[in-house]
Amino acid sequence: MSAPIDRSAGGGEGYSIVVEEVKPGVQVYKLVDSKTRFFESLWEIPEGITYNAYVVETNSGFLLVDGWKRGFGGLLVEELGKRGVLSRVTHLIVNHMEPDHSGSIPEILSARPGLKVLGHPLAGRLLRDFYGFAGEFKPVQDGGVLEEGGLRLRFLHAPWLHWPETIVTHVEDLGVVFPCDVLGGYGAYREVFLRQLSGEGRERYIKLAKKYFANVLGHYRDFLLKSLPKLREVVSKSDVVAPGHGLVLDRGDALEILSLYEKWIKRESRKILVLYASMYGFTREAATRLAKAMGEQGFEVVVYGFSDYERPLVSEVVSEAMDARGLLVAAPAYENEIYPTIRYVLDIIAHKTGCPRIFFLHVYGWGSRVVDARSMLGELKCGAIEVVDFKPSAASTIADPQIKRVIDFFKEAA
Ligand code: FEO
């Protein structure tokens, strides 16, 4: 018998811890993760991520809001212990059950067996299913209140943001709200507040917040729109907004990002996303000419190409697709089928952002695949669809009438 050959990479170096006050009586315990390259084992994040747990002091001890990623529970217990918090934690609030926050629950409960655990009614079942939890669980109702140690906490249900049992926890007396993944962002920041960044640093974080939003919450964008009034109301009543990832926000910054969510979901832009795959340059030449022509017509054009020398991050393509008014896709046939990378990326764009109107430029040598392309785009429930075939020689010398056809197609939606 021989041992399995395991080519997967485990955890290891690349983590650090930041503990800081975000408001008198409230501290963030941040696990800064520069090691993870693929969040949810799916999204490329060279920028890293943080997992933010929070500790709220009461007259009778401490409340712990969320935790760290599975595998880091021991480290969180150690940090809470070092600071004299662990032995006085009375309640654990579970804003949602994804294991990047709930994964430390087994170690926390093992260190504090009598802890009262609160969450959405569905979280009780998930606690059993994920961790075999059999302790004291208190389900919280939408609008429900916990009075504890001189503080009043209100819980709001936020279904499908982005799990069914997501809740938002508002510590009314302190003016602090914990909105779970909503208003979070990527980035292995050791800074605590967005207000600590300015200029390009701030712009970069807004981009990372958009990328996180598109990747993680995008599929449930309609639920986000429905929840916006509730979210705006609770943020308006708070001074500090403390999400499960990324930087802590002041009220004004949080309201600004909520407005951006709405703008992105409603595709309030003149952006056309050009997405191409090219093996030998014919399709790239067509896509480049069309992108230039659309730019000259006043469209904001963003181009991503999969070629023999570049491969964009799908996490970033999806982020750019989130608010694009339309997609121009140019791809060659591959073994007489739609190019596999394009098929994959379109599928994930449609799943996460919905599929806007799409012009598909299909370049082929052996045979037309217009029917296949139409069928694929139909299955993805794209808005208006136009599919055009080109021989490689025609694609690389794409003519003015064809350029006009593409521009007119996108102008229809402008
Ligand atoms: Fe950050 Fe959905 O967990």
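Look a little higher up for the structure.
Keep in mind that this is a model prediction, so the values were computed, not measured.

Participant: Describe in detail the overall build of the chain, supporting the description with residues and values.
Facilitator: Broken down by element type, the chain carries 13 helices and 21 strands. Against the compact-globule benchmark of 22 Å for 414 residues, the chain has a radius of gyration of 24 Å, which places it among compact chains. Along the first, second and third principal axes, the C-alpha set of the chain runs to 75 × 60 × 35 Å. Across the chain, every contact between residues at least 6 apart in sequence was considered, and the portion connecting residues at least 24 apart equals 69%. Here the chain has roughly 17500 Å² of accessible surface; of this, 50% comes from carbon and sulfur atoms. Here the chain carries 50 positive and 53 negative side-chain charges, and the mean point of each set is 2 Å from the other.

Participant: Pulling in residues and values, what's your account of the sheet that holds strand β11 (residues 151-157)?
Facilitator: Pairing is mixed in the open sheet, where six strands are placed in the order β10-β11-β12-β13-β14-β15. Taken across any chain shown, the strands that pair with only one partner, and hence form the sheet edges, are β10 (145-148) and β15 (249-250). Across the sheet, helix α6 (residues 221-236) touches β11, β12 (167-171), β13 (176-178) and β14 (240-241), and the angle it forms with β11 is around 165°.

Participant: I'd like to hear about the pattern of salt bridges, residue by residue, with values.
Facilitator: This model, assessed by the stated rule, comprises 25 salt bridges. Glu47 is the partner of Lys211 in a salt bridge, and the nearest nitrogen-oxygen pair spans 2.7 Å. Here Lys211 is found in helix α5 (residues 199-217), whereas its partner Glu47 is found in the loop between β4 (43-44) and β5 (49-58), with 164 residues between them in sequence. Between Asp142 and Lys230 there is a salt bridge, with the nearest N and O atoms lying 3.2 Å from each other. Placement of the pair is Asp142 in the loop between β9 (137-139) and β10 and Lys230 in helix α6, with a sequence separation of 88 residues. In this structure Lys230 comes out as partly exposed when scored by relative accessible area, which is 30%. Salt bridges here are not isolated pairs; linked through shared partners, they connect Glu147, Arg152, Arg154 and Glu172.

Participant: Can you explain the packing of α5 against helix α9 (residues 314-322)? Please cite residues and give values.
Facilitator: Where α5 meets α9, the closest approach of the two axes is 8 Å, and the angle between their N-to-C directions is 90°. The orientation of α5 with respect to α9, classified from their angle, is roughly perpendicular. Together, Lys210, Lys211, Phe213, Ala214 and Asn215 of α5 and Ser315, Glu316, Val318, Ser319, Glu320 and Met322 of α9 make up the contact between the two elements. Along the lines of polarity and charge, the residues of the contact of α5 with α9 split into four nonpolar, three polar and four charged.

Participant: Residue-level account of helix α8 (residues 282-296), with values.
Facilitator: Here α8 is 15 residues long and its end C-alpha atoms lie 22 Å apart, about the 21 Å a rise of 1.5 Å per residue gives. Taken as a whole, α8 has its buried residues at Thr283, Ala286, Ala287, Leu290, Ala291, Ala293 and Met294. Buried residues along α8 cover an arc of 165° about the axis, so they all sit on one side. In this structure, α8 carries Lys292 and Glu296 as exposed residues pointing more than 90 degrees from its buried face.

Participant: So what about the side chain of Asp33? Which residues, and what values?
Facilitator: Tracing the chain through its elements places Asp33 in strand β2 (residues 26-33). A polar side-chain atom of Asp33 sits 2.6 Å from a polar atom in the side chain of Thr36. Excluding residues within four positions of it along the chain, Asp33 makes contact with Gly14, Tyr15, Gly48, Ile49, Tyr51, Lys69 and Ala188.

Participant: Talk me through helix α7 (residues 251-265); I want residue IDs and the actual numbers.
Facilitator: Over its 15 residues, α7 runs 21 Å from end to end, which matches the ideal 21 Å to within 8%, given 1.5 Å per residue. When we look at burial in α7, the residues that qualify are Asp253, Ala254, Ile257, Leu258, Leu260, Tyr261, Trp264 and Ile265. The buried residues of α7 occupy an angular sector of 160° when projected down its axis, which confines them to one face. Close packing links the buried residues of α7 with α5, α6, β14, β15 and α9. Backbone geometry just after α7 places Arg267 at a positive phi near 55°.

Participant: Describe the state of the cysteines, with residues and values.
Facilitator: Throughout the structure, instances matching the rule amount to one disulfide. For Cys355, the disulfide goes to Cys382, at an S-S distance of 2.2 Å. When the S-S torsion is 80°, as for the bridge of Cys355 with Cys382, the disulfide is right-handed. With Cys355 in the loop between α10 (340-353) and β20 (357-363) and Cys382 in the loop between α11 (370-379) and β21 (385-390), the pair connects residues that are 27 residues apart, well separated along the chain. Here Cys355 and Cys382 have matching classes, each one buried.

Definitions and limits used
Residues numbered from 1 in each chain as written. Predicted model: local features only at pLDDT ≥ 70, side-chain atom pairs only at ≥ 80, totals over all residues. Heavy atoms only, no water. Helix = DSSP H or I, 4+ residues; strand = E, 2+ residues; numbered from the N terminus. Rg over C-alpha atoms; globule rule 2.2 N^0.38 Å. Contact = heavy atoms within 4.5 Å. Areas by Shrake-Rupley, 256 points an atom, 1.4 Å probe, with all protein chains shown as cover. Lys, Arg positive; Asp, Glu negative; His and termini not counted. Charge placed at Lys NZ, Arg CZ, Asp CG, Glu CD. Pairing = 2+ DSSP bridges. Axes fitted to C-alpha atoms, helices over the stretch in contact; angles between N-to-C directions. Salt bridge = Lys/Arg side-chain N within 4 Å of Asp/Glu carboxyl O. Buried < 20%, exposed > 50% of the residue type's maximum accessible area, 1.4 Å probe, protein only. Parallel < 35°, antiparallel > 145°, perpendicular 65-115°, else oblique. Nonpolar A, V, L, I, M, F, W, Y, C, P; charged D, E, K, R; others polar. Expected span 1.5 Å × (residues − 1). Arc of directions from axis to C-beta. Polar contact = N/O pair within 3.5 Å; in protein donor to acceptor, adjacent residues only side chain to side chain. Disulfide = S-S within 2.5 Å.

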